[in-house]
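# Commentary on secondary and tertiary structure
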Amino acid sequence: MNTNQSRRGFLKALGLASAATLIPNVVLGQNILKGSTGDNVHNLVKWKFSGAHWGAFRAKIAGDKLLEVKPFEFDQHPTDMIYNIPGLVYNSSRVRYPMVRLDWFKNGYKSDTTQRGDNRFVRVTWDQALDLVYNELERIQTQYGAWALHIGNVGWRSVGQLHSCGNNMLRALAMHGSGVTTAGDYSTGAGQTILPYVLGSTEVYSQGTSWPLILDNSDVIVFWGNDPIKNLQVGWNTETHEAYAYYEQLREKIAKNEIQVISVDPVKSKTQNFLNCEQQYVNPLTDVALMLAIAHTMVKENLHDQDFLATYTVGFDEFEPYLMGKTIDHIEKTPEWAEPICGVKADRIRELARLFTKGRTQLIFGWATQRQQHGEQPYWMGAVLAAMIGQIGLPGGGISYSHHYCSVGVPTSGASMPGAFPLALDFGRKAKYDQPDYQGYSATIPVARVVDALLEPGKEINYNGSTVKLPPYKMAMFSGANQWHRQQDRNKMKRAYQKLETIVYTDYNWTASCRFADIVLPACTPYERNDLDIYGTYSNRGIIAMHKLVDPLYHSKPDLEIWAQFAKRLGREEEYRQGLTEMEWLEKLYNECRDANKASGFKMPEFAKFWEDGYVLFPEGPLWTRHADFREDPEVNALGTPSGFIEIFSRKIASYNYENCKGHPIWIEKDERSHGGPKSEKYPFWLQSPHPDSRLHSQMCEVDSAREKYSIAGREPVYMNEDDAKAKGIKHGDVVLVFNDRGSLIAGANISPNFPKGVLRIFEGAWYGPLNEAIGSVDTYGDPNTVTMDVGTSDLAQATSANTCIVDIRKYEGAAPAVTSFGGPIEVDPIV
Ligand SMILES: Nc1nc2c(c(=O)[nH]1)N[C@H]1C(S)=C(S)[C@@H](COP(=O)(O)OP(=O)(O)OC[C@H]3O[C@@H](n4cnc5c(=O)[nH]c(N)nc54)[C@H](O)[C@@H]3O)O[C@H]1N2
Ligand SMILES: Nc1nc2c(c(=O)[nH]1)N[C@H]1C(S)=C(S)[C@@H](COP(=O)(O)OP(=O)(O)OC[C@H]3O[C@@H](n4cnc5c(=O)[nH]c(N)nc54)[C@H](O)[C@@H]3O)O[C@H]1N2
Ligand SMILES: [Mo]
């Protein structure tokens, strides 16, 4: 089935293919929202509408019970993850009550912090818990000052513009005082820092060339360290999954030899298997060596586009001598030089150079190659390669860093999207503690360096051309993030967290982050409150109503309620809420959006109608080519770089004098690397920890029915190839130990032909389940960040290096300890 056509058919049936209109629910055949026709008057079965990272869906409710969900009919490529939602709501790992860690309950901020992680907690009332949080924040602001409060970066929270838990916590904290915040994120820390110097924007969070133009114009598409078929399942906002239709068309074109697609990846990815395309194996972490040698061949064989380089770029003349072995390391970057590093035969490297310059070539990078030590380099070198090919700004040519994300490449509707609950203070209002004195410490630190701040307080580090002085913060507040999943090196974290006096977590799930906190506040899930969301993060395809499906379970509350109760302690509850109820807020956000759209010709129904229907959809916008305006006129449409051109050499970066990020891209050996790299004699396997196929990070790991499908012997799978397994005496289904000097974890062996020799995979987000609170204790479930390395990518971005990690593996001898990750805290009575 050509699903793109059927999607268009669907739009057409709704009168949307050409003009902006509303969608009456009845067009769908029957009034699905009103329950099935067989219901008798006492039947309480209802269908409601909602959205999630996994897509929009309808939910069947009987009484106050969520029974099942089915994907919204518009979604032609729903992910199976959507079916986990009832299991997410009804889960034994839910945070049920406000909880305080036993020793913190007894001794407050002077507690024995070596007990953190023992999972013993005391149940308290909401008033007790919020008083404790409030009093601690008072103490921190008065005893120390703003530098002592760390306000954790908000992670993948849930969708919903009103209850967005990050905005709610940040707004409430902003009413109270200031704290240390973070810069960058775990996803693209290196990419979003380097690319503004090179291409003038972060590129990673940008709309990309429309898929129809790529499909019509590309001769060669290269997915470089990129697995879109796996990663397009989720979106930052409610995901439409529209991009999948284009991958189906691409698969057909590959079968007909109309487009050649190469996946440059050490692993046979889900995308490669889906498209049935070529794989270009490369040794892990060595892409820059491969790219340099491709560039070298282009120069040697005069294949590079010198007109493009002269017109649109600066600095090739400083880069070329490096390529030719005349500067820095004085090594010529020949294919023969690269072969032993990257594991690609010299002749094949030359072939790739010829192939990339023969017809129209679209490079499409994923984000994993920048989530490694020196992760700035592959991104910069990718841009240099694309500049040498000379097709940046042409449809189906040039470089993209975002097509694997949130249906980038599906044209943007152009409609305005609803705003969100404000995270800042209203105009003219001030915080209670309004004069932050950071005592010489930095008020903002790079997000991945938050553990270093605790272990090396006062240390000055380089960061993107400036100096950051790490504050030895005393208290940390988190919401909508799972720190004990996303941050690297658990045992380092254990050591560091002992220095913290108080940690407050707000979540609906009892993750390891709650286990290692002192005060835990139970949020409800997004399915237990009313909200609305953007449908299609980049396509802005529509607006989704998120009906409350069931009442909040146990003592959990919507984030907005939690922080409104906190604001009450400041005497600012009304101000916090701006005097509006939940439904009044939704109506306001909707109506503001409706007014904005009226002006640009996008019609939206009255709020009540939208709320009953569950959605508004907008027609697809015009096709678009990234960087086309720059190509057309590089003077008028200059890039945001210092020169306005593509910077192959950056004077600015060169002026920082960083050893690990120089004025142009270079090959730098890693601290540790498999396949003959440093330390590989001791730890021969590369452990990659990409994004899970069956979860969103740590979200849904708690869902037992989902875990049953992929776990091995009750543990997170570690994927490996047959030969490696044989050599280690490991069989499919065995319980194994993965270890290095940083730590060890128990996992279940999954033998798979997708993995080459020397490569192991454990998906990130596996719930950390330490045997006990002691530093060094084994992780019983299989969290890869038990063994990953916590160092900055370089002095430039100081981003996460999660993918630079080598380990060894062996069969687990004897009975493995039970998994401790799931099922919530050990509730204790402080009196006994
Ligand atoms: N080894 C390794 N580590 C990685 C990565 C990797 O590739 N390898 N990737 C990194 C990347 S790119 C990312 S983005 C991060 C992701 O890291 P996180 O964003 O921390 O990951 P999530 O598991 O999505 O955590 C979101 C948390 O918010 C909670 N939550 C959801 N909805 C709500 C709500 O409504 N209210 C409240 N209060 N809480 C809610 C969830 O229960 C969950 O605990 O991980 C990073 N870590
Ligand atoms: N299903 C699902 N989708 C998601 C997410 C999720 O948790 N689950 N998370 C979302 C988020 S927050 C993000 S940041 C994105 C992440 O998007 P990415 O960072 O692009 O995705 P990853 O899955 O980490 O890795 C993609 C591919 O890179 C390859 N790779 C790793 N290292 C190297 C290398 O050194 N060289 C080469 N050539 N290839 C390498 C891996 O083998 C893998 O096939 O995904 C988003 N999509
Ligand atoms: Mo991410």
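Residues numbered from 1 in each chain as written. Chains lettered and ligands numbered in written order. Predicted model: local features only at pLDDT ≥ 70, side-chain atom pairs only at ≥ 80, totals over all residues. Heavy atoms only, no water.

- The chain goes by trimethylamine-N-oxide reductase in an unreviewed UniProt entry, where it is assigned to Wohlfahrtiimonas larvae.
- Per UniProt, the chain carries the Subcellular location (unreviewed entry) text "Periplasm". (UniProt positions renumbered as here; feature names shortened; annotations may be inferred.)

### Points about the nonpolar core
- In terms of nonpolar packing, the biggest core is built from 95 residues, with Trp54, Ile85, Trp224, Leu290, Ile294 and Phe356 touching the most fellow members.
- The contact partners of Ile294, leaving out residues within four places of it in the chain, are Trp224, Ile349, Leu352, Ala353, Phe356 and Leu385.
- In terms of nonpolar packing, the next biggest core, distinct from the first, is built from 89 residues, Val100, Leu532, Ala567 and Tyr768 among them. (Core = buried A, V, L, I, M, F, W, Y, C linked by side-chain atoms within 4.5 Å. Buried < 20%, exposed > 50% of the residue type's maximum accessible area, 1.4 Å probe, protein only. Contact = heavy atoms within 4.5 Å.)

### Some words on the pairing of strand β20 (residues 531–535)
- β20 sits mainly inside the fold: five of its five residues count as buried.
- In the sheet, β20 pairs with strand β21 (residues 542–546) via five bridges, with the strands oriented antiparallel. Note that in β21 the partner of Asp531 across the bridge is Met546.
- Linkage of β20 to β21, two consecutive antiparallel strands, is achieved through a turn of six residues, within which Gly536 is found at a positive phi near 95 degrees. (Helix = DSSP H or I, 4+ residues; strand = E, 2+ residues; numbered from the N terminus. Pairing = 2+ DSSP bridges.)

### Comments concerning the side chain of Thr502
- Within the secondary structure layout, Thr502 lies in strand β18 (residues 502–507).
- Look at Thr502 and you get buried, because its relative accessible area is 0%.
- Dropping the residues within four chain positions of it, Thr502 is found in contact with Trp104, Tyr109, Arg116, Glu136, Arg139, Lys474, Met475, Ala476, Asp518 and Ile519.

### Looking at the site of ligand 2
- In the vicinity of ligand 2 there are 34 residues, among which Lys230, Asp265, Asp287, Trp367 and Arg371 approach most closely.
- Interatomic distance of 2.6 Å between a side-chain N/O atom of Lys230 and an oxygen atom of ligand 2.
- In the environment of ligand 2, a nitrogen atom lies 2.9 Å from a nitrogen or oxygen atom belonging to the backbone of Arg695.
- Here ligand 2 loses 100% of its free accessible area of 930 Å² to cover by the protein chains.
- Of all the secondary-structure elements, those providing two or more residues to the shell around ligand 2 are α8 (228–231) and β24 (685–688).
- Residues of the shell around ligand 2, tallied by class, amount to 15 nonpolar, twelve polar and seven charged. (Near = heavy atom within 4 Å. Polar contact = N/O pair within 3.5 Å; in protein donor to acceptor, adjacent residues only side chain to side chain. Areas by Shrake-Rupley, 256 points an atom, 1.4 Å probe, with all protein chains shown as cover. Nonpolar A, V, L, I, M, F, W, Y, C, P; charged D, E, K, R; others polar.)

### Details of the sheet that holds β20
- With antiparallel pairing, the three strands of this open sheet are ordered in space as β20-β21-β22. Every interior strand has two partners, whereas the edge strands, β20 and β22 (615–617), have only one. Averaged over all adjacent pairs, the angle separating strand axes in this sheet is 15 degrees, with direction ignored. (Axes fitted to C-alpha atoms, helices over the stretch in contact; angles between N-to-C directions.)

### A short note on the environment of Cys342
- Along the chain, Cys342 falls in helix α14 (residues 335–342).
- According to the relative accessible area criterion, Cys342 is buried, its value standing at 0%.
- Put simply, Cys342 and Phe308 are 34 residues apart on the chain and 28 Å apart in space, counted from C-alpha to C-alpha.
- Ignoring sequence-local partners within four residues, the contact set of Cys342 consists of Tyr281, Val282, Asn283, Thr286, Leu290 and Ile349.

### Regarding the site of ligand 1
- Taken together, 31 residues sit near ligand 1, with Trp156, Ser158, Asn482, Asp507 and Ser698 positioned nearest.
- Between an oxygen atom of ligand 1 and a main-chain N or O atom of Asn482, the distance comes to 2.7 Å.
- One of the side-chain N or O atoms of His691 is found 3.2 Å from an oxygen atom in ligand 1.
- The fraction of the free accessible surface of ligand 1 (920 Å²) that becomes covered by protein chains is 98%.
- Among the secondary structure elements, those contributing two or more residues to the shell around ligand 1 are α18 (483–486) and β18.

### A word on the side chain of Ser413
- Inspection of the secondary structure assignment puts Ser413 in the loop between β13 (398–400) and β14 (444–446).
- A distance of 3.1 Å separates the side chain of Ser413 from the backbone nitrogen of Ala415, its partner in a polar contact.
- Engagement of the side chain of Ser413 in a polar contact is seen with the backbone oxygen of Asn540, the distance being 2.5 Å.
- The residues contacting Ser413, other than those within four sequence positions of it, are Ser539, Asn540, Phe602, Phe618, Pro619, Glu620 and Gly621.

### Re helix α23 (residues 582–599)
- Compared with the 26 Å implied by 1.5 Å per residue over 18 residues, the 27 Å span of α23 between its first and last C-alpha is a close match.
- Those residues of α23 that fall on the buried side of the exposure criterion are Trp585, Leu586, Leu589, Tyr590, Cys593, Arg594 and Asn597. The buried side chains of α23 occupy one side of the element, clustering within an arc of 170 degrees when seen end-on. Facing away from the buried side of α23, by more than 90 degrees, are the exposed residues Lys598 and Ala599.
- Lining the buried residues of α23 we find β20, β21, α22 (573–577), α24 (607–613) and β22.
- Following α23 by one or two positions, Gly601 adopts a phi angle in the positive range, close to 85 degrees. (Expected span 1.5 Å × (residues − 1). Arc of directions from axis to C-beta.)

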